[in-house]
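Survey of secondary and tertiary structure
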Amino acid sequence: MKIKDILSQGKPTLSFEVFPPKTEDKYESVEQAASEIAKLKPAFMSVTYGAGGGTSQYTVDIASALHHQHHVTALAHLTCVTSTKEKVHQVLGELKEAGIENVLALRGDMPTDAPAKTEYHYASELIREIKEAGDFCIGAACYPEGHVESVSKTIDMDYLKQKVEAGCDFVTTQMFFDNNILYNYLYRIREKGITVPVVAGIMPVTNVKQIIRSCQLSGTYLPSRFKAIVDRFGDNPAAMKQAGIAYATEQIIDLIANGVNAIHVYSMNKPDVALKIKENLSEIL
Ligand code: FAD
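The next thing to look at is the sheet that holds strand β2 (residues 45-47). The strand order β1-β2-β3-β4-β5-β6-β7-β8 describes a closed barrel built from eight strands, whose pairing is parallel. Between one strand and the next, the sheet's axes are offset by a mean angle of 30 degrees, whatever the strand orientation. Judged from the three bridges that link them, β2 and strand β3 (residues 74-79) form a sheet pairing that is parallel. What sits directly across from Val47, in β3, is Ala76.

Written out as C-alpha cells, the structure is:
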C-alpha cells in the first residue's frame with residue numbers, strides 16, 4: 001500500500017524504523033528484530049539506507065521481507081550523494097521487483113572525503129528521478145530546527161518546498177524533543193503552502209552517549225526537562241531506557257492530542273522499545 005493513502009485516512013498512525021546490518025553475519029539478527037516489530041502491526045515500517053550504499057541490498061531485502069513475509073507496508077530509504085545514477089536506478093529496479101511502493105528519497109550526509117564531482121547534489125534531484133522511474137510513493141526528510149548545513153530555517157523551508165514540488169508525497173521530521181518546535185514548524189510549513197502530510201519522528205532515548213552526539217551533530221535542542229532525565233538516569237541503562245520510553249510516549253500523546261496523527265518511532269532495531277511504546281498507547285491508537 002502507498003503511505004500517502006495510509007496517511008490520508010486522517011487517523012492516528014504509528015510506524016517504526018529499522019536499520020540494515022553493516023555485515024552479512026548480522027543480517028539474521030536484524031531480520032529477526034524487524035519481524036518482531038512487524039508483529040506489532042504498525043501502519044508501516046521504514047528501513048534506512050547505509051551511507052555510501054554498500055549495504056543497499058540489505059535495505060531491499062529487509063523491506064521485501066516486511067512486505068512479503070510480514071505483510072507490513074515497507075518504506076525503503078535511498079540516499080544519492082555518494083551514488084551514481086546507475087546505482088540509484090539499480091536499487092529502484094530491485095525495489096520495484098520486490099513490490100516495494102514507498103521510497104524515502106534523501107541526499108545523505110556529505111562524506112568528509114567527498115569526490116570533487118558527484119552525480120547528485122540534493123534530494124530534490126533524486127525525487128525527480130524516482131518520480132520518472134515508476135509509480136512510487138515518495139517521502140522526504142524535513143528539519144523542524146533547520147538542517148544543520150542550512151544558513152537559515154527560512155532558506156531550508158524554501159528547499160523543502162522544492163522537494164515537494166519535485167514530487168514528494170509526504171515528509172518525515174528529524175527527531176525533536178520539544179513538541180512546541182514541531183507545532184511552530186507545522187504552522188510555518190502550512191504558511192509556506194506545503195500541504196503534504198508531515199510525519200513526526202520520535203526518538204525514544206535509550207543510549208545517552210549516542211543521542212547526545214547525534215543531537216550535537218544535528219543541532220537538535222535538548223529541553224531542560226529532558227536534560228534532567230539524562231543527568232539523573234544516564235548512568236543507569238535500565239532506568240534511562242524506562243525514562244526514555246516514558247518521555248517519548250508523553251511526546252506522542254501530546255502530539256496526537258493536538259491533532260498530529262502520523263507518528264514515526266525511531267525504534268533502532270529494538271523490538272522491546274517498540275512494544276513498550278505500543279503498549280503505552282493501547283487505548284489511544
Ligand atoms: P536535502 O534535502 O538535499 O538538503 C540538504 C541540505 O542542502 C540542506 O541544508 C538544504 O537546506 C540544502 N539544499 C537543498 N536543496 C538545495 C538547493 N537546491 N540549493 C542549495 N541548497 C539546497 N541518512 C542516511 O544516510 N540514510 C538514511 O536512511 C537516512 N534517513 C533519514 C530519515 C529522516 C527522516 C531524516 C530526517 C534524515 C535521514 N538521513 C539518513 C540523514 C540525511 O541523509 C541527512 O540529514 C542529510 O544531511 C540531508 O539529507 P536530505 O535528504 O534532507 O538533503
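When a protein is soluble and globular, its nonpolar side chains tend to lie buried together. Counting 66 residues, the largest nonpolar core has Met45, Leu78 and Ile130 as the members making the most contacts within it. With residues near it in sequence (within four places) discarded, Leu78 still touches Tyr49, Val88, Val91, Leu92, Val103, Leu104, Ala105, Leu106, Leu126 and Ile130. Membership of the second largest hydrophobic core comes to 15 residues, among which are Val208, Leu222, Val230 and Tyr266.

With that settled, the discussion passes to the site of the ligand. Close to the ligand lie 23 residues, the nearest being Arg107, Asp109, Tyr143, Asp156 and Lys163. At 2.8 Å, a backbone N or O of Tyr49 approaches a nitrogen atom of the ligand. Note that an oxygen atom of the ligand is positioned 2.8 Å from one of the side-chain N or O atoms of His147. For the ligand, whose free accessible area comes to 990 Å², the fraction covered by protein is 85%. Elements represented by at least two residues in the shell around the ligand include exactly β3, β4 (102-106) and α6 (153-166). The element best represented in the shell around the ligand is α6, accounting for four residues. Taken together, the residues that form the shell around the ligand break down as nine nonpolar, nine polar and five charged.

Another point: the layout of surface pockets. Any empty space left between atoms is shown by rolling a water-sized probe over those atoms. Of the voids in this model, the second largest pocket is the one considered here, and its volume is about 240 Å³. As for the second largest pocket, its lining consists of 15 residues, of which Val198, Gly259, Val260, Asn261 and Ala262 are closest to the centre. The element best represented in the lining of the second largest pocket is helix α7 (residues 179-191), accounting for four residues. Counted by class, the lining of the second largest pocket contains eight nonpolar, five polar and two charged residues.

Where burial is concerned, most of β4 is hidden: five out of the five residues are buried. What you see with β4 is no split at all: Asn102, Leu104 and Leu106 on one side and Val103 and Ala105 on the other are buried throughout. Pairing geometry for β3 and β4, over five bridges, is parallel. Paired with Thr79 across the strands is Leu106, a residue of β4. As a crossover connection, the stretch from β3 through helix α4 (residues 85-97) into β4 is right-handed. The pairing of β4 with strand β5 (residues 137-142) spans four bridges and is classified as parallel. Paired with Ala105 across the bridge in β5 is Ala140.

Per the counting criterion, the structure on display carries zero disulfides. The cysteine Cys142 is free of any disulfide, with Cys168 supplying the nearest cysteine sulfur at 8.8 Å. A relative accessible area of 1% places Cys142 in the buried class. Take Cys215: it sits in no disulfide, and the sulfur closest to it among the cysteines is that of Cys142, at 16 Å. For Cys215, a relative accessible area of 4% corresponds to the buried category.

Let us now look at the side chain of Ser46. Note that Ser46 resides in strand β2. Under the relative-accessibility criterion, Ser46 is labelled buried at 0%. A polar atom in the side chain of Ser46 sits 3.0 Å from the side chain of Glu17. Non-local contacts of Ser46, meaning those with residues more than four positions away in its chain, are made with Phe16, Glu17, Val18, Leu75, His77 and His264.

Looking now at empty space enclosed by the protein. If you walk through the whole model with that rule in mind, you get one cavity of 30 Å³ or more. One number sums up the size of the largest cavity: a volume of about 40 Å³. In this structure, the largest cavity is lined by Met1, His67, Thr73, Ala74, Gly99, Ile100, Glu101 and Asn102. Classifying every residue of the lining of the largest cavity gives three nonpolar, four polar and one charged.

The packing of two helices is summarised by the inter-axis angle and the distance between the axes. α6 packs onto helix α5 (residues 123-133) with a crossing angle of 10 degrees between their chain directions and a minimal axis gap of 8 Å. In terms of their interaxial angle, α5 and α6 are classed as roughly parallel. Side by side, α5 and α6 meet where Ala123, Ser124, Ile127, Arg128 and Lys131 of the first sit next to Gln162, Lys163 and Ala166 of the second. Within the contact of α5 with α6, the residues separate by chemical class into three nonpolar, two polar and three charged.

Calculation criteria
- Throughout, residues of each chain are indexed from 1 in the direction in which the sequence is written.
- Predicted model: local features are reported for residues with pLDDT of at least 70 only, side-chain atom pairs are reported and counted for 80 or more only, and whole-chain, interface and lining totals are derived from all residues.
- Just so you know, side-chain values use all the structure's heavy atoms and leave hydrogens and water out.
- When DSSP finds two or more bridges between two strands, those strands count as paired.
- The helix count covers DSSP runs of H or I at least four residues long, the strand count covers runs of E at least two residues long, and both are numbered beginning at the N terminus.
- Each axis is a line fitted through C-alpha atoms, and for a helix only the stretch in contact is used; angles between axes span 0 to 180 degrees, taken between their N-to-C directions.
- What we call a nonpolar core is a set of buried Ala, Val, Leu, Ile, Met, Phe, Trp, Tyr and Cys residues that are connected through their side-chain atoms within 4.5 Å.
- Exposure is judged per residue with a 1.4 Å probe applied to protein chains only, and the accessible area is read against the type maximum: over 50% gives exposed, under 20% gives buried, and values in between give partly exposed.
- Any pair of residues with heavy atoms lying within 4.5 Å of one another is described as a contacting pair.
- It suffices for a single heavy atom of a residue to lie within 4 Å of a molecule or strand for the residue to be listed as near it.
- In protein, a polar contact requires one atom able to donate a hydrogen and another able to accept it; more generally it is a pair of N or O atoms within 3.5 Å, and residues adjacent in sequence count only if both atoms are side-chain atoms.
- For the area figures, the Shrake-Rupley method with a 1.4 Å probe applies, and any residue is considered shielded solely by the protein chains shown.
- Residues are grouped as follows: nonpolar covers Ala, Val, Leu, Ile, Met, Phe, Trp, Tyr, Cys and Pro; charged covers Asp, Glu, Lys and Arg; every other residue, Gly included, is treated as polar.
- Each cavity reported here is a set of points on a 1 Å grid over the protein atoms alone in which a 1.4 Å probe fits but cannot get out, each pocket an open set with protein on both sides within 12 Å along at least five of seven lines, and each lining residue one with an atom within 4 Å of a point.
- Grid points are joined across faces, edges and corners, and a volume is the space filled by probe spheres set on the points.
- By convention, orient the strands away from the viewer: a clockwise path from the first strand over the helix to the second makes the crossover right-handed.
- Two cysteine sulfurs form what is called a disulfide whenever their separation falls within 2.5 Å.
- Convention used here: angles under 35 degrees read as roughly parallel, angles over 145 as roughly antiparallel, angles from 65 to 115 as roughly perpendicular, and any remaining angle as oblique.

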